[in-house]
Amino acid sequence: MLNADTVLASTHQNDDCEAFDEIVARYKDGIFNYIWRMVSNRDDAEDLAQEVFVRAFASMKSFRRESNVRTWLYRIATNLCIDKYRRSSIEKQLITPLMQSADCNEDAKPLDVPDTTYDPERTYDRTELQAEVQRALSKLPDKLRSVIILYDIEGMSYEEIAETVSCPIGTVKSRIFNARAQLRKLLKPYIEG
Amino acid sequence: MNCRRIRKNIIDYMSGTLSKEKTERIKEHLLSCAECSQLIAELEATSHLVRSLDRAKAPAGFESRLQTRIAFQQSVKTNRNPIRRFARDFARAFIGMRRLSLRPVIAGILFCIMLGVSILMIINNNVAQATDQAFISVCQEQHISFAAANPLADDSAVLLKDRASDLANEL
């Protein structure tokens, strides 16, 4: 598929750094937003977003003309986020036993305390609600989280998501359904009707 | 259409990509099934919550920091390899290339080395031939002069003269 983006990419292959700057200008907000929703941390999001463009710049020569620049950049971002998630999971596994052993002398409290302060009558303002949704998103498995963010927030089509996460369209649809079903349970108190 | 089939098509139904016929059948089912109807309503509300999240913009100075990072990584990458650095400087100075691929440079260097080795081998062969020829001539002259000085010794000098010319031909 040839479009403006592939032309931009091929221009870059002819050593035109201005074309790359244009790609950055066009996608930096989308990539940053996507990564921010994936990792739930602004500093990490900026670092990873920059890494996406660094890798894109380095591998621009091997970029296939028929590919879509957008899905290509989001694919790099997805892989980086999953790597980051895995690394932080390993770190968490290493740190948590230490925390548990430090707390063992105190009252035996579960680490994950359920929120008993929820009051259905309380009106959540927009910021609080957004924080709750973000928290729910961060609890999803990374494969479901990436797909639901790409579909509902980035507005990608099934085909684009399939290309981005390298799986069949049917898998994309089932992941969207599973992600929504899990979010529905996590956000039950905030869903009207 | 039963509840199981509804759930299979629920995403397409919600995104409006389902065929008209299937959409009508699902709508019919939803009128009579409170459970599926509630499920769809809740999934739509969930989707609405996710879609209502604010879109963040990249922080100010993102592009300038990115340019610095790319420049730094490129300098690290280039300085790590002295051959690449030499080739880059060479290409910039003589060819005018801004970005350099090492492959043609390596191929060129290998070609030059092979050409040099071939030329050296040819020169060496010619020198060896000339040295052999000179040695044979000296031996021949010595034998002839010996035979002339000692006519009663033997006639091997004459035979050697012929042998020397044979050897020269072989060479």
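From a predicted model like this one, the values you see are computed outputs, not experimental measurements. (Residues numbered from 1 in each chain as written. Chains lettered and ligands numbered in written order. Predicted model: local features only at pLDDT ≥ 70, side-chain atom pairs only at ≥ 80, totals over all residues. Heavy atoms only, no water.)

What chain B contains, in helices and strands, is eight helices and zero strands. Secondary structure elements in chain B, listed N-terminal to C-terminal, are α-α-α-α-α-α-α-α. Long-range pairs, those at least 24 residues apart, make up 40% of the contacts in chain B with a sequence separation of at least 6. Accessible surface computed for chain B: about 12400 Å², of which carbon and sulfur atoms make up 59%. (Helix = DSSP H or I, 4+ residues; strand = E, 2+ residues; numbered from the N terminus. Contact = heavy atoms within 4.5 Å. Areas by Shrake-Rupley, 256 points an atom, 1.4 Å probe, with all protein chains shown as cover.)

A few words now on the confidence of the model for chain A. All names here are of chain A. Of the residues in chain A, 70% reach a pLDDT of 70 or more, and the chain-wide mean stands at 79. Here helix α1 (residues 4–13) stands out as the least confident element of chain A, with mean pLDDT 54; helix α6 (residues 142–153) is the most confident, with 94. Here residues 100–111 scores under 50 on pLDDT; set against residues more than four positions off or in separate chains, the count is three contacts. (pLDDT = per-residue confidence, 0-100.)

Residue and element names in this part refer to chain A. Considering all chains together, one arrives at 17 salt bridges over all chains under this definition. A salt bridge links Arg70 to Glu160; its shortest N-O distance comes to 3.4 Å. Placement of Arg70 in helix α4 (residues 69–103) and of Glu160 in helix α7 (residues 158–165) is noted, with a sequence separation of 90 residues between them. Accessibility expressed as a relative area gives 18% for Arg70, which makes it buried. One salt bridge connects Glu132 with Arg135, and the closest N-O pair in it is separated by 3.0 Å. Placement of the pair is Glu132 and Arg135 together in helix α5 (residues 126–139), with a separation of three residues, close to one helical turn. (Salt bridge = Lys/Arg side-chain N within 4 Å of Asp/Glu carboxyl O. Buried < 20%, exposed > 50% of the residue type's maximum accessible area, 1.4 Å probe, protein only.)

Its 18 residues give helix α8 (residues 169–186) of chain A an end-to-end C-alpha distance of 26 Å, which sits within 8% of 26 Å, the value for a rise of 1.5 Å per residue. Every buried residue of α8(A) is listed here: Val172(A), Arg175(A), Ile176(A), Phe177(A), Ala179(A), Arg180(A), Ala181(A), Leu183(A) and Arg184(A). Packing partners of the buried residues in α8(A) comprise α5, α6 and α7 of chain A together with α1 (3–8), α2 (10–15) and α4 (34–51) of chain B. (Expected span 1.5 Å × (residues − 1).)

On to the nonpolar core. Residues and elements named next belong to chain A. Core analysis: the biggest nonpolar cluster contains 74 residues, and Ile31, Ile35, Phe53, Leu73 and Val172 have the highest contact counts within it. The greatest single-element share of this core, amounting to nine residues, is contributed by helix α2 (residues 17–39). Each residue touching Leu73, except ones within four places of it in the same chain, is listed here: Ile23, Tyr27, Ile31, Val52, Phe53 and Ala56. (Core = buried A, V, L, I, M, F, W, Y, C linked by side-chain atoms within 4.5 Å.)

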